[in-house]
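Residue strings, one per chain:
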Amino acid sequence: MFAWICVVFLLLIFHAYKNRKYYLLSWKLKGPFPLPIIGNGLSFLCENDNLLDKTIEICNKYPSPLRLWFGPKFTLVITDVTQAQKVMSSYNFITKDPDLYKFLEPFDGKGLITSSGVKWRKDRRLISPIFAKKNILQYFPTVLEQTKILINVMESCVDKPAFNIEPYIHRCAADIVNRTFLGVKTEAQFGKMDRFLWLLHRMYTIIYARIVKVWLQNDVLFQFSSYWKEHEEGKTVILGFMDKVIEISDKNNQQSKSFQPVIEQLKSMRDEDAGFCTHQDLKDHLVTLYSASEDTVTSIVSFTLLLLGMHPNIQERVIEEIHTTIGDKNSNIDENNVNKLEYLEMVIKDVLRLFPIASFIVRKAEKEICLYGDCWIPAGCSVIVSIYNIHRDAKHWEKPNQFYPEHFLPDTVRSRHPYAFMPFSAGPRGCIGKPFAYMTMKIMLVTILQHFQIETDEKFSNLQLKTDISIRPKNDRFPIRLLLRK
Ligand code: HEM
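Residues numbered from 1 in each chain as written. Predicted model: local features only at pLDDT ≥ 70, side-chain atom pairs only at ≥ 80, totals over all residues.

The condition that has to hold: UniProt positions are given in the numbering used here, feature names are shortened, and annotations may be inferred rather than shown by experiment.
An unreviewed UniProt entry annotates the chain as Cytochrome P450 of Phyllotreta striolata. Its UniProt record gives the chain a comment under Cofactor (unreviewed entry), which states: "heme". Turning to the chain, the UniProt record has this under Function (unreviewed entry): "May be involved in the metabolism of insect hormones and in the breakdown of synthetic insecticides."

Structure, rendered in structure tokens:
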């Protein structure tokens, strides 16, 4: 019996390997940590035009039947900024590679991140105004209110040994998103959503594991893996939560003019346009917006605090700016004074440069496209734009591997290629939540820094990174110490 089970298991592994779409390539891009690059059989790292020429030449030389079979499976890896601009800004490249993004679908459904084509165009056009700068200002007081709760919680950590700040920021971000996006008041900051947040975090790890580990791509083998149980529990708990939130919102049906959570705005569109946003659509959008927002904001705020602890002189400059522009902890940040914090914005941007949430982005060419000169990418070819490498390319950055907010001095920015910095992606499929992210990160950072001085024993040069959908420290820890700011 056991022997038969082993044979079936081996056959399944062989089947998965034979039908693999993506697997880990041995090629690693340059960087302080090995950035695994996924590829589907044939991938080409195009660090310079010569190599790219050669790739396209090979690609185009296939006799048509072979090219039909083989061509669409090519993946190009681009690290050149001009070529990246061509890809990111083109409407030919708005299709997400289904072989990769399908692993997100059991969780995110057909939300904005995973969908393509007509559905994506329509949904994006309708949802974009909700996240416009002017519209999200209504959430400012809620973000501030939740951040003040965070300050109270953090006070218990003052003068204590170093601790990991990330779970504190994560819980606060969850309460913010629950209130502003889903319209529900939660108490994640008092430990009431810890299992939910843990599962959410695990979902990213599991989805990334499926992208890079060939044996997990087969659905049957995946069910035998150690990830399966958590994956299913994650789906049940998180999607069940969204169902509940929609049910509560349908029951309440209360409309306030001054504060409209994202869910209510989506539902009002559903009423106006019967073709948009069924219950399933609404759930897909909510879970996509939820997972796209709280994890990203948490990661950047945590990295910023850690880096400020490592660089006390930069922290001093930020504090000086906050004191002269806003004042000490008794003075509140508001929509007007927050925009005057130019140095803080430079600091956040250099953190986003060093630790871009999406270290690479994968797109599929809908039609043949000319990359430059007479170099054509065939239709169906996948392209990986390596944002991480572009962000650390010495051609564009004075100190590519150091924390150096001066990279974002106005004159320096003007003289740099506009696509050398794209932490929010760029072009038609760029991040929809950029204004919300900046607003939330600034409110959190200013309020925390008004109250606490940050210290850490960690050294920037020892920081080791890993990717699991987003970039994180290898040990998943952001250890800092808090002192009351005098
Ligand atoms: C620091 C914070 C954030 C960073 C660095 C970030 C980064 C990104 C990046 C790189 C993409 C492109 C992903 C891809 O093409 O596969 C993206 C897309 C997206 N982001 Fe963000 N994001 C952040 C915060 C947010 C927030 C707060 C929201 C909530 C509204 C959000 C919603 C989205 C959505 C819906 C997309 C898909 C857009 C589309 O394809 O049409 N993001 N984000």
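Right, picking up where we left off after that structure.
### Notes on the environment of E335
The following threshold applies: Here a strand is any run of E in DSSP of at least two residues, a helix any run of H or I of at least four, and the numbering for each starts at the N terminus. Exposure classification rests on a simple neighbour count of other C-beta atoms within 10 Å of a residue's own: a residue reaching 20 or more is buried, one at 12 or fewer is exposed, and one in between is partly exposed. C-beta atoms are placed from the backbone. By definition, residues are in contact whenever their C-beta atoms, placed on the basis of the backbone, come within 7 Å of each other.
Mapped onto the elements, E335 comes out in helix α17 (residues 335-338). C-beta crowding within 10 Å serves as the criterion here: with 11 such atoms nearby, E335 is assigned to the exposed category. The residues contacting E335, other than those within four sequence positions of it, are L137 and F140.

### Re the confidence of the model for the chain
In plain terms, the rule: Per-residue confidence from the predictor is reported as pLDDT, a score between 0 and 100.
Considering every residue of the chain, the mean pLDDT works out to 85; 84% of them sit at 70 or more. The low-confidence segment residues 20-73, where pLDDT is below 50, has 87 contacts with residues more than four positions distant or belonging to other chains. Predicted complex, confidence summary: ipTM 0.98, pTM 0.88.

### Comments concerning the UniProt feature "binding site: heme" (unreviewed entry) in the chain
Under the UniProt annotation, "binding site: heme" (unreviewed entry) lies at C431. Structurally, C431 is set in the loop between α20 (410-415) and α21 (434-451). Judged by local crowding, C431 falls into the buried class, with 21 C-beta atoms found within 10 Å. The contact partners of C431, leaving out residues within four places of it in the chain, are F424 and S425.

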